[in-house]
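Structural description and commentary
Chain by chain, the residues run as shown.
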Amino acid sequence: MYQYDNYDQTMVEQRVAQYRDQTRRFLAGELTEEQFRPLRLMNGLYIQIHAPMLRIAVPYGLMSSKQVRKIAEVSRKYDRGYVHFTTRTNFQMNWPTLESVPDILAELATVQMHGIQSSGNCIRNTTSDQLAGVSADEIEDPRPWCEIIRQWSTFHPEFAYLPRKFKIAVIGTKEDRAATKLHDIGLHLVKNHEGETGFEVLVGGGLGRTPILGQVIRPFLEKKDLLSYLEAILRVYNRLGRRDNKYKARIKITVREHGLSHIRELVEAEWVHIRKQLVLDDKEIARVKQYFTEPAYEATAANDVSFSQMQTEDAAFARWVKQNVVDHKVAGYKIAYISLKAPLLPPGDVTSEQLDVVADLADEFSMGEIRASHNQNLLLSDVKQGDLYALWLRLQAEGLATANINTMADMICCPGLDFCGLANATSIPLAKEINERFDDLDYLYDLGDIKIKISGCMNGCAHQSVGHIGILGVDKKGEEWYQFTLGGSSEADASLGERLGRAIPKDEVVDTVVTLLEVFKELRYEDELFLATVRRVGIDPFKERVYADN
Amino acid sequence: MQIIKNGVIVEDHWLHLDDEAALVDGKITVSINRWQEQHDTLSKHKDDLGLRLTGSDPLEEIVPDLASFSLIVLIFPAFTDGRCYSFARLLRDRYHYTGEIRAQGDVLQDQLFYMSQSGINSFELANPAQMENALAAFNDFSESYQTTALKPEPLYRRR
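Residues numbered from 1 in each chain as written. Chains lettered and ligands numbered in written order. Predicted model: local features only at pLDDT ≥ 70, side-chain atom pairs only at ≥ 80, totals over all residues. Heavy atoms only, no water.

With that settled, consider the overall build of chain A. Of the regular secondary structure elements, chain A holds 18 helices and 21 strands. Relative to the globule expectation of 24 Å for 550 residues, the C-alpha radius of gyration of chain A, 23 Å, shows essentially globular dimensions. The C-alpha extent of chain A, read off along each of the three principal axes, is 60 × 60 × 60 Å. Considering only contacts in chain A between residues 6 or more positions apart, those separated by 24 or more positions represent 67%. For chain A, the exposed area adds up to about 20600 Å²; of that, 50% sits on carbon and sulfur atoms. (Helix = DSSP H or I, 4+ residues; strand = E, 2+ residues; numbered from the N terminus. Rg over C-alpha atoms; globule rule 2.2 N^0.38 Å. Contact = heavy atoms within 4.5 Å. Areas by Shrake-Rupley, 256 points an atom, 1.4 Å probe, with all protein chains shown as cover.)

Here you go:
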């Protein structure tokens, strides 16, 4: 993974010093709350209902074991011994004090971590595919490009006060595990007719109150032109994006109001001017790529027979393998998901003790690296198949071997009314109730891949509009009600869910999920997946049954 | 009044003329509207002339006139309104404007670094009492990854 040189390290340390002084001036009354707000946000600090919340960036989801141990340490020292991983592969601490944040950031800076780009109306932390570099169908590893974008976008002086936040995601496969169509800019590494690799560029995707899928603004961009094209889009957006209404300030609205073809004309006209100035030379591309070369995989790893043997001997292990382990591009290696969706615990939460164990396991079994996924799980990306049983036993001992990846229990859920100042309704307790009702794993396996996403307000942090089943909390005269959508997807076949009907009171939400699944099981054709069934039959059969009684 | 210019505190004698105010001798700035409406009269102004722009003004329209101005004032109605950062970049990079570019309005210490990197070289602080302390902000960072008005080569070509 990328290692800071003196330039990178100095910038992060100077950032800590800058923020320490800003915090001091705020506490001394020299900065107003309004003046301090964007400054703290651009270091990841939110002020929530109970306490501040600190979001730390994990660039494209990649962490070293050393970083994970440091995360565990700061969460013990400054918080309550657990952290929460987000859908943009960052992590959050829920209980730090405002005064301690400069110290937390100083400690994280010693392991090349920070809260930069994790909030505020700037270019946010760039995200990617959690299987980058290890999946067989990849055109090219997106991570060096993510790092190049990270450096270009970090403290970009022109784009620190954009109309609204700006998110970029990069993938190198046809499959989309990073929800790129729901980003302000989505970048797909593709090959053109001449066989050259470049980027397909999408613009104007986003969730929140007005979910919109990104559209292709340029079908093929040469790799050396990446930064100039991004800068052109950002400059057009910075000048044109609406600043009168924060709900209409994202680039998705700019594109909708002006039309894609007009935006494309403006971007291309801007690009002509800056293309030469920002061309990426081969030296820089090679410099960054050297940090993402393949590790020394052992050819003998594929000779192992214990992996298949242990699956026949231990049904629980076999279940975990089937659900949580996926193929690696190198024979003899596997990718193991560590589910952060243990039933009855808030989705995405992990304790400091668990983090220490994960760091040890990464050192022992997976080249010392840990990844975070868009679905709020962790993974070890380079495990020899012969080591999987030993790994599984250790994970099991820590409550980290829940075999539920991609099942209905692998829910995405925002912090909701329990933590968040914006929320209208709770979400974590609902996830818990759903898990309590569906505690039979075999039933979940039989249902197949179902993505439930629960957001506590229309800002949609859990991406409910692209959930196979989306659940959105709304406030009705002080009571919590929930709006269901069906048939959304954030993947390559991305679509926005369709509204099932009027909102449902809180105490009927779990029953509604039960009803939806009953209808699915009746209409399902053999092993058809939930999303496929909804797309085939439409939402009417579901709607009729859910609203039949009233 | 005092302003920060090229990193030091200096006395400033520019007069920012309202659209309704009568023309006077001396160094004056006018809005883009007044410039466009009274172009001929203002072109004959004996002393230095400056132009005031907000983020919603049509920057490109005044590019042919840039040689007439020894000062461009960029107005920040709120420090969170970042449009004029792009104006500053364009004025320096694309239109090769070498005169003074000044930030006016909600101009605070914590934005000075980005403003200076974008090409702004003088600052009327919203709170002049903080001017002395604000000078430190120009040294918040010793390097930038990007192509900036102060460093035309991005860091990756200098590493």
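The next point concerns the interface of chain A and chain B. With 48 residues of chain A at the contact, the number on the chain B side is 36 residues. In total, chain A and chain B occlude about 3700 Å² of area from one another, counting both sides; carbon and sulfur atoms represent 50% of this. Among the residues chain A hides against chain B, the three largest losses belong to P157, Y161 and R239 of chain A. Together they make up 21% of the total. At the junction of chain A with chain B, the criterion picks out nine salt bridges. A salt bridge links E158 of chain A to R89 of chain B; the shortest N-O distance between them is 3.3 Å. Only α1 (6-27), α2 (33-41), α5 (143-153), α6 (226-240), α8 (260-274) and α9 (282-289) of chain A provide two or more residues apiece to the side of chain A that touches chain B. A total of ten residues in the side of chain A that touches chain B trace back to one element, the largest contributor, which is α1 of chain A. Residues that form the side of chain A that touches chain B fall into these classes: 17 nonpolar, twelve polar and 19 charged. (Buried area = accessible area lost by both parts, 1.4 Å probe. Salt bridge = Lys/Arg side-chain N within 4 Å of Asp/Glu carboxyl O. Nonpolar A, V, L, I, M, F, W, Y, C, P; charged D, E, K, R; others polar.)

Let's shift gears to the packing of helix α10 (residues 306-313) of chain A against helix α11 (residues 315-324) of chain A. Residue and element names in this part refer to chain A. Where α10 contacts α11, the axes come no closer than 5 Å and their chain directions differ by 120 degrees. Classified by the angle their axes make, α10 and α11 are oblique. Residue-level inspection shows F307, M310, Q311 and E313 of α10 in contact with α11, the latter providing A315, F317, A318 and V321. Of the residues in the contact of α10 with α11, the class split is six nonpolar, one polar and one charged. (Axes fitted to C-alpha atoms, helices over the stretch in contact; angles between N-to-C directions. Parallel < 35°, antiparallel > 145°, perpendicular 65-115°, else oblique.)

In this section: unusual backbone geometry. Apart from glycine, the bulk of residues carry a negative phi angle, and the bulk of peptide bonds sit in the trans form. All names here are of chain A. Unusually for a residue other than glycine, N406 sits at a positive phi of about 70 degrees. With respect to the helices and strands, N406 occurs in the loop between α13 (388-397) and β16 (412-413). On the basis of relative accessibility, which here comes to 27%, the residue N406 falls in the partly exposed class. Although it is not a glycine, H463 sits at a positive phi angle of roughly 60 degrees. By the element assignment, H463 lies in the loop between β17 (452-455) and β18 (469-476). Overall, H463 belongs to the buried group, its relative accessible area being 12%. (Buried < 20%, exposed > 50% of the residue type's maximum accessible area, 1.4 Å probe, protein only.)

Okay, the layout of surface pockets next. Residue and element names in this part refer to chain A. Approximately 850 Å³ is the volume found for the second largest pocket. The wall of the second largest pocket is formed by 37 residues, among which E175, N406, D449, K451 and E491 lie closest to the centre. Among the secondary structure elements, those contributing two or more residues to the lining of the second largest pocket are α11, β11 (325-327) and α17 (530-537). Residues belonging to the lining of the second largest pocket are distributed by class as follows: ten nonpolar, 13 polar and 14 charged. (1 Å grid on protein atoms, 1.4 Å probe; cavity = no way out; pocket = protein on both sides within 12 Å on 5 of 7 lines; lining within 4 Å. Points joined across faces, edges and corners; volume = space filled by probe spheres on them.)

What follows concerns the pattern of salt bridges. Overall, the coordinates contain 59 salt bridges over all chains when judged by the stated rule. Overlapping salt bridges bring together E158, E231, R235 and E270 of chain A together with R89, D93 and R94 of chain B as one network.

Core analysis: the biggest nonpolar cluster contains 155 residues, and W320 of chain A together with L74 of chain B have the highest contact counts within it. For this core, the element with the highest residue contribution is α6 of chain A, accounting for nine residues. Setting aside residues up to four positions removed in sequence, L74 of chain B forms contacts with L53, C84, F87, A88, L91, I101, R102, A103, Q104 and I120 of chain B. By size, the runner-up hydrophobic cluster in this structure holds 40 residues, among which are A51, M411, L430 and L516 of chain A. (Core = buried A, V, L, I, M, F, W, Y, C linked by side-chain atoms within 4.5 Å.)

Once that is clear, we can look at the packing of helix α14 (residues 428-437) of chain A against helix α16 (residues 509-523) of chain A. Residues and elements named next belong to chain A. One way to put it is that α14 packs onto α16 with a least axis distance of 9 Å and a crossing angle of 50 degrees. With respect to α16, the element α14 is oriented oblique. Handedness of the α14/α16 crossing: right-handed. Residue-level inspection shows L430, E433, I434 and R437 of α14 in contact with α16, the latter providing V509, V510, D511, V513 and V514. (Left-handed = near helix turned anticlockwise from the far one by under 90°.)

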